[in-house]
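Structural characterization, general
Given next are the chains, with one letter for each unit.
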Amino acid sequence: MIDYLIVGQGLAGSCLAWQLLQRGKRVLVLDVPGNNRSSMIAAGLFNPITGKLMTRTWMAETLFSTLFDFYPQVERTLNEKFFFPMPLYRPFLSVQEQNEWMGHSAQPENQKFIDRIHTTSAYGDQAHDSFGGIVIKPCGFVDVPVFLQTVRSFLVQQNAFIEEWFDETQLRHSPTEVTYKQWKASAIIFCTGTSKTNLWKAAPVKPLKGETLTIKLDQKPKLIYNRGVYVVPGKENLYKVGATYETQNLSESITEAAKLELSARTRKLLTLSFEIVDQNWGLRPTSPDRRPMLGHHPDSKNVVIFNGLGTKGVSLAPYFSAHLANWLTGAAEIMPTVNINRFKALYSKS
Ligand SMILES: Cc1cc2nc3c(=O)[nH]c(=O)nc-3n(C[C@H](O)[C@H](O)[C@H](O)COP(=O)(O)OP(=O)(O)OC[C@H]3O[C@@H](n4cnc5c(N)ncnc54)[C@H](O)[C@@H]3O)c2cc1C
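Residues numbered from 1 in each chain as written. Predicted model: local features only at pLDDT ≥ 70, side-chain atom pairs only at ≥ 80, totals over all residues. Heavy atoms only, no water.

Interface size, as often reported, equals the accessible area lost upon joining of the parts. By the assigned domains, the protein splits into domain 1 (4-42 + 145-204 + 289-347), domain 2 (88-136) and domain 3 (206-286). Look at where the C-alpha atoms of domain 1 and domain 3 centre, and you get two points 28 Å apart. On the domain 3 side, the residues contacting the 15 residues of domain 1 number 14 residues. Buried area between domain 1 and domain 3, summed over both chains or domains, comes out near 1,100 Å², and the portion from carbon and sulfur atoms is 60%. Of all residues in domain 1, Asn36, Ile41 and Thr194 bury the most surface against domain 3, accounting for 45% of the area lost on that side. Where domain 1 touches domain 3, the interface holds zero salt bridges. Counting across the domain 1 and domain 3 interface gives five residue pairs in polar contact (both at pLDDT 80 or more). (Domains from an automatic or database assignment. Contact = heavy atoms within 4.5 Å. Buried area = accessible area lost by both parts, 1.4 Å probe. Salt bridge = Lys/Arg side-chain N within 4 Å of Asp/Glu carboxyl O. Polar contact = N/O pair within 3.5 Å; in protein donor to acceptor, adjacent residues only side chain to side chain.)

Below is the structure:
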């Protein structure tokens, strides 16, 4: 008998497995590594001020203090490196924007996220910033493929990982336990991203396609640049540029249109010349209100979901995996804003 069966080992499944093991629970994780799952494509960026309107991320303080504990703790325990704090620079596009941010910077709730405001060019040798720009903190990136591989190796050592595609027809569940093939558990948690399952077919997980470029730069950027696109360090002298946001054309392939869009935006951001060496695509699992989805199935308390990490899996997964683990172990209630039961009307119609 195990305590929890977890389906999927992307950011959601990996963080949840870790949190449950930390609480002394026995887990078994099922996954088949695939290159286009969202977590493998993610640039891994975390940044508390995002979007065209540069708004503060929902729950930024809580999420960022949790992630600054979580990833280094996994690094220390498993003796691997995948967490890279690094300042992020966002050039201003006009004097008006510069003035607005001088105003915002006086507000106490913004101060902790603003490292510095430059009113004249500060990084003109690398980026187009004739109106100056803002250095945002705390930012950085997680090398997500290394994080996933590290957690997977640890799970394998613990006999807690099986490389297998979960076959729903083999699942039986009663009010007290779930049975899958030879395994019995007290609950099963679906961390399956955009993959559809029958049990959760009415959960409103909406795929949002994203494409990224991998570019080669002759010079090392002094920090992460972000305006229109982000340029985040990858392997050796390679950098990830992203991303596109596509809700309509969900073709499972890279596109010429995305390549043109991303390279035009990169030229607008960087003064450095670059060479494109690769292009990738993935599907982000988003929710209609852009909040994660946690909780149990309407018909079964031990069939659970952890999904909807959307565009911010790196910052959301550490906090909400702990939140879900606390609920599973009876230590807390699920926050109403993230409880899957907020969509009850939607998914009980099916
Ligand atoms: C182009 C792009 C760029 C991004 N950049 C960033 C970024 O910079 N910062 C950030 O925070 N977020 C970013 N994201 C978003 C981030 O990738 C997601 O929020 C996060 O990875 C979602 O994780 P997940 O575990 O929910 O889903 P997934 O990563 O999709 O993982 C689901 C896992 O479940 C497995 N699975 C599904 N069904 C089954 C089954 N039946 N049996 C076994 N296994 C199964 C899949 O194989 C997969 O491994 C980006 C996403 C994209 C596409």
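Further notes follow.
Turning our attention to the sheet that holds strand 3 (residues 45-46). Reading across the sheet, the three strands line up as 3-10-6 and stay open at both edges, with antiparallel pairing between neighbours. In this open sheet, the two edge strands, each paired with only one partner strand, are strand 3 and strand 6 (83-85). In this structure, strand 3 lies alongside strand 10 (residues 140-142), joined through two bridges in antiparallel fashion. Paired with Phe46 across the bridge in strand 10 is Gly140. (Pairing = 2+ DSSP bridges. Helix = DSSP H or I, 4+ residues; strand = E, 2+ residues; numbered from the N terminus.)

With that settled, the discussion passes to the state of the cysteines. Applying the stated rule across the entire model yields zero disulfides. Cysteine Cys15 shares no disulfide, and the gap to the nearest cysteine sulfur, in Cys191, comes to 9.6 Å. (Disulfide = S-S within 2.5 Å.)

Another aspect to go through is the site of the ligand. Not every one of the 36 residues close to the ligand is listed here, only the nearest: Asp31, Arg37, Ser39, Phe166 and Gly310. Gly310 places a polar main-chain atom, nitrogen or oxygen, 2.7 Å from an oxygen atom of the ligand. Residue Gly313 places a main-chain N or O atom 3.1 Å away from an oxygen atom belonging to the ligand. For the ligand, the protein covers 96% of the area, taking 1,000 Å² as the surface of the free molecule. For the shell around the ligand, the secondary structure elements donating two or more residues are helix 1 (11-22), strand 2 (27-31), helix 2 (38-41), strand 16 (206-217), strand 20 (274-286) and helix 8 (313-328). Counting contributing residues, the shell around the ligand receives three or more from each of domain 1 (4-42 + 145-204 + 289-347) and domain 3 (206-286). (Near = heavy atom within 4 Å. Areas by Shrake-Rupley, 256 points an atom, 1.4 Å probe, with all protein chains shown as cover.)

Further remarks concern the packing of helix 3 (residues 60-78) against helix 8. Two numbers describe how helix 3 lies on helix 8: the axes approach to 8 Å, and their chain directions differ by 80°. The angle between the axes of helix 3 and helix 8 places the two elements in the roughly perpendicular class. Of helix 8, the residues touching helix 3 (which contributes Thr62, Leu63, Phe64, Thr66, Leu67, Phe70 and Tyr71) are Gly313, Val314, Ser315, Leu316, Pro318, Tyr319 and Phe320. Classifying every residue of the contact of helix 3 with helix 8 gives 10 nonpolar, four polar and no charged. (Axes fitted to C-alpha atoms, helices over the stretch in contact; angles between N-to-C directions. Parallel < 35°, antiparallel > 145°, perpendicular 65-115°, else oblique. Nonpolar A, V, L, I, M, F, W, Y, C, P; charged D, E, K, R; others polar.)

Moving on, we come to unusual backbone geometry. Along the chain, Lys137 connects to Pro138 via a cis peptide bond; the corresponding omega equals -10°. Of note, the bond from Gly242 into Ala243 is cis; its omega dihedral lies within 30 degrees of zero at -15°. Within the secondary structure layout, Ala243 lies in the loop between strand 19 (238-242) and helix 7 (256-269). Positive phi is not limited to glycine here, since Asn79 has a value of about 55°. Overall, the relative accessible area of 69% leaves Asn79 in the exposed class. (Buried < 20%, exposed > 50% of the residue type's maximum accessible area, 1.4 Å probe, protein only.)

The next point concerns the packing of aromatic side chains. All chains considered together, the criterion is met by 19 aromatic pairs. Ring geometry for Trp18 and Phe154: centres 5.4 Å apart, planes at 55°, overall tilted. Note that Trp18 is positioned in helix 1 and Phe154 in helix 6 (residues 144-157), a separation of 136 residues in sequence. Grouping residues by exposure puts Trp18 and Phe154 together as buried. Seen in terms of ring centroids, Phe46 and Phe68 are 5.7 Å apart; in terms of plane orientation they differ by 90°. Their pairing is edge-to-face. Here Phe68 lies in helix 3 and Phe46 lies in strand 3, a separation of 22 residues in the sequence. Taking the relative accessible area as the measure of exposure, Phe68 reaches 29% and is therefore partly exposed. Above the face of the Phe84 ring, Lys81 is positioned so that its terminal group lies 5.2 Å from the ring centre. (Phe/Tyr/Trp six-rings, centres within 6.5 Å; stacked < 30°, edge-to-face > 60°. Lys NZ or Arg CZ within 6 Å of the ring centre and 35° of its normal.)

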